[in-house]
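# Remarks on the overall topology
Here are the chains, one letter per residue:
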Amino acid sequence: MNLFTSLLTRVKSYVGPRDLPTGTSFQDGFERQAAPIPIVQTRWFQADLEAAIVASTTGSMRLPGALCRALRRDGMISGVLSTRTEGLVQLPVRFSGPDDELVSALSLDFRSVFPSAELALLSGDGRVIGVGVGEFVKIDGSSPVLRRLDPEFLEYRWSEDRWYYQSIHGVEPVNPGDGRWVLHCPGGAVQPWTHGLWPALGRAYIAKEHGFFLRENFANTLANAARIAVAPHGATDAEAFSFMQKVVNWSVNAVYILRQGWELKLLESQGRGYEVFQDIIKTSNEEIIVTIAGQLVTTTGGAGFSNAAIHSTIRSDLIQSDADALAETLNTQAIPVWANERFGAAAVKSSPRAAWDTTPPKDMNQHAIAANQAAGVAKSWNEVLKDARKRVNVVELSRRYGVPIEDLKEAA
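Rules used throughout
- Residues numbered from 1 in each chain as written.
- Predicted model: local features only at pLDDT ≥ 70, side-chain atom pairs only at ≥ 80, totals over all residues.
- Heavy atoms only, no water.
- Helix = DSSP H or I, 4+ residues; strand = E, 2+ residues; numbered from the N terminus.
- Buried < 20%, exposed > 50% of the residue type's maximum accessible area, 1.4 Å probe, protein only.
- Contact = heavy atoms within 4.5 Å.
- Areas by Shrake-Rupley, 256 points an atom, 1.4 Å probe, with all protein chains shown as cover.
- Bend = angle between axes of the 7 residues up to and from the residue.
- Pairing = 2+ DSSP bridges.
- Axes fitted to C-alpha atoms, helices over the stretch in contact; angles between N-to-C directions.
- Patch = residues over 30% accessible without salt bridge, like charges linked within 9 Å, V, L, I, M, F, W, Y side chains within 5 Å.
- Salt bridge = Lys/Arg side-chain N within 4 Å of Asp/Glu carboxyl O.
- Polar contact = N/O pair within 3.5 Å; in protein donor to acceptor, adjacent residues only side chain to side chain.
- Core = buried A, V, L, I, M, F, W, Y, C linked by side-chain atoms within 4.5 Å.
- Expected span 1.5 Å × (residues − 1).
- Phe/Tyr/Trp six-rings, centres within 6.5 Å; stacked < 30°, edge-to-face > 60°.
- Lys NZ or Arg CZ within 6 Å of the ring centre and 35° of its normal.

Moving on: the overall build of the protein chain. Along the backbone of the protein chain there are 13 helices and ten strands. Burial status across the protein chain gives 38% buried among its 412 residues. Looking at the protein chain alone, contacts between residues at least 24 apart form 71% of all its contacts between residues at least 6 apart. Element-wise, carbon and sulfur atoms account for 54% of the exposed surface of the protein chain, whose accessible area totals about 23,500 Å².

Structure, rendered in C-alpha cells:
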C-alpha cells in the first residue's frame, strides 16, 4: 500500500454520507441552526494533516474543518487570529446607497442582524479554511439574524459544481443569497480551500503541540534530581537496602543522621535537550504569526505594539483584503435579504451597501490635512483662472479626497 492509498483510506473514515434527505428551507419556516454536533479530535499528527489535504481535493471539508477548529485551541493562533478578525469587524462601517431611508435603516439594524461575533467567525473561516458558511435564522418569529455555521460539514461536489451542507436534517444544497444561505469565499471561487491558511497553520500547530508535550515529558523525567545513597565498604546488604528504603521514602523536610562512611548525594541533570523542544515551539509560533499577521516585528512587541491596535499588528493590505471580501459577501448575499425582509421585494434592487473603513487613524489625520490644503489651493487657483474663464473642478477634487458633497436645496 503506497502513501496515497494509505491517506485515502484514512480519509474515507471521515467523509460522511452523501445522499440523505434534503432539509427544510428558510422560506418554509426553518428556525433552528443546521450544524450537527462536531466530532472532536484532541491529538493531531502530521499524517492527519496530509490526510486532510487529500480529503480537501475530493471537496470534503470534514477533516480540514475539524483541524481548523482544533487550531483555535492554541493560544497564539487564537490571539493573533482574533486581532485580525474581531479587530476588523469593530472598525467603523460606512453605508451607502441610492435610497437614504434604506441606508439609515441599515445603519441602525446592522449590528443586530449581523452580530460582530458571527461576522468575525465567518471572516476567520474564510481566511483559515478558505470558505465560510452561514445561514439566516429566525428566533421566536423575529427578523432573520445571520449565524455562522461550522465549515467542517461543507462539501463541494465536483460533478455538480455545487456546495452542500451536512445538516441535522440531511445533506442540503447551499444556494448563496437565496434568503437562507451565505457562502463566504475569500479564497476564490475555484477550490477556495487551496488558498486557505490551514495547511501552514496546521503544520506549525502540530509541531508545536508535540514539542510542548515532549518538553513536559522531559521536565517530568529530569526536573527532580536523582538521589544517590553511598554505603561504606563494611556495610551489609541488609544495611545498604534499609538505607536505600529511607532514601526512597524521602519526604518534604526529611532529616537523616549519617554515620561515618555513609553519604547522601543529589545528582542533577545537566542535559539541555529541552532546548530542542523550546526551539520547535518558538519556530512554530513565529510561523503562526507570519502566516496570520503577515509580519513578525510588531506582533512580538516591536514599535507600535503597545497600543494593541489592529493597524499596528496586522499587515495593512491583509486588513483591506479581509474587509473587502466580507463586505462583498454581505452586499451580494445578505443585505438584500435584510432589505426584502424589512421593506419588501421592491427594495432589493436599491439595497444599500456596507464597507469597513480600514484607514489607520494616523493616515486619516494626514488625509484630512491634505484635503484642507487642496481646498485652499483650489480657491487660490480659481482666482488665477478667473481671467481665463476657467475654474477648478471641485466635484472631481472632492471625489479624489473622499469628501461627500450634495446639491444645495433652494430655500422655500
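In helix α11 (residues 316-343), a bend of some 45° at N331 exceeds every other bend along the element. After α11 finishes, the residue G344 shows a positive phi value of roughly 100°.

Bringing the sheet that holds strand β4 (residues 154-157) into the picture now. Across the sheet, three strands lie side by side as β4-β5-β6; this open sheet has antiparallel pairing. Looking at the sheet topology across the chains shown, the edges are occupied by β4 and β6 (170-173). With strand direction ignored, the average angle separating the axes of adjacent strands in the sheet is 35°. Where β4 meets strand β5 (residues 162-167), four bridges bridge the pair, whose relative direction is antiparallel. When the sheet's bridge partners are listed, E155 is paired in β5 with Y164.

Right, let's talk about a nonpolar patch on the surface for a bit. Together, V394, V395, V403 and I405 make up a nonpolar patch on the protein surface, roughly 330 Å² of accessible area in all. For I405, a relative accessible area of 52% corresponds to the exposed category.

The topology assignment puts S116 in helix α6 (residues 116-128). Within polar-contact distance, the side chain of S116 engages the side chain of R111 at 3.0 Å. Residues within four places of S116 in sequence aside, it is in contact with V89, Q90 and R111.

Another aspect to go through is the pattern of salt bridges. Taken as a whole and assessed by the stated rule, the structure comprises 16 salt bridges. A salt bridge links K138 to E341; the shortest N-O distance between them is 3.5 Å. Separated by 203 residues along the polypeptide, K138 in the loop between β2 (132-137) and β3 (145-149) and E341 in helix α11 bring together distant segments of the chain. Classification of K138 as partly exposed rests on a relative accessible area of 25%.

Below, the discussion takes up the nonpolar core. Counting residues in each nonpolar core, the largest one holds 72 residues, and the members touching the most others are F114, Y165 and W356. With eleven residues, α11 is the single largest residue contributor to this core.

Turning to the pairing of strand β7 (residues 181-184), a few remarks are in order. The side-chain alternation of β7 yields two buried faces, one formed by W181 and L183 and the other by V182 and H184. Here four bridges tie β2 to β7, and the two strands are oriented antiparallel to one another. Following the sheet pairing, G134 is matched in β7 by V182.

Burial analysis of β2 places six of its six residues in the buried class, the great majority of the element. On β2, burial covers both faces: G132, G134 and F136 on one face and V133, E135 and V137 on the other are all buried.

A word on helix α4 (residues 75-89). A rise of 1.5 Å per residue sets the reference length of α4, with its 15 residues, at 21 Å; its end C-alpha atoms lie 21 Å apart and thus fit the reference within 8%. The sharpest bend along α4 reaches about 30° and sits at S82. Within the span of α4, buried status applies to I77, V80, L81, R84, T85, G87, L88 and V89. Capping the start of α4 is the job of one residue whose side-chain oxygen sits 3.0 Å from the backbone nitrogen of M76: D74.

For residues besides glycine, phi is generally negative; the peptide bonds are generally trans as well. Of note, D161 is a non-glycine position whose phi angle comes to about 55°, a positive value. Summarising the element assignment, D161 is placed in the loop between β4 and β5. With relative accessibility at 57%, the residue D161 sits in the exposed group.

Glancing now at the environment of G179. Tracing the backbone through its elements, the reader meets G179 in the loop between β6 and β7. Residues G179 and V137, 42 residues apart in the sequence, show an inter-C-alpha distance of 9.9 Å.

Pairing in this open sheet of three strands is antiparallel, and the strands run β3-β2-β7 from one edge to the other. Of all the strands in the sheet, just β3 and β7 have a single pairing partner and so form its edges. Taking the axes of each pair of neighbouring strands and ignoring which way they run, one obtains an average angle of 30° across the sheet. The strands that α6 touches are β2, β3 and β7; relative to β3, the one it contacts most, it runs at about 40°.

Along the chain, V40 falls in the loop between α1 (3-12) and α2 (46-57). Excluding anything up to four places from it in sequence, V40 contacts R69 and R73.

Below, the discussion takes up the packing of aromatic side chains. Per the stated rule, a full pass over the model turns up 15 aromatic pairs. Relative to W158, the ring of Y156 lies with its centre 5.3 Å away and its plane at 80°, an arrangement referred to as edge-to-face. Here Y156 falls in the buried class, since its relative accessible area comes to 11%. Taken together, a centroid distance of 5.8 Å and an interplanar angle of 50° make the contact between Y165 and W181 tilted. With Y165 in strand β5 and W181 in strand β7, this residue pair connects regions lying 16 residues apart in the sequence. Above the face of the Y164 ring, R157 is positioned so that its terminal group lies 4.1 Å from the ring centre.

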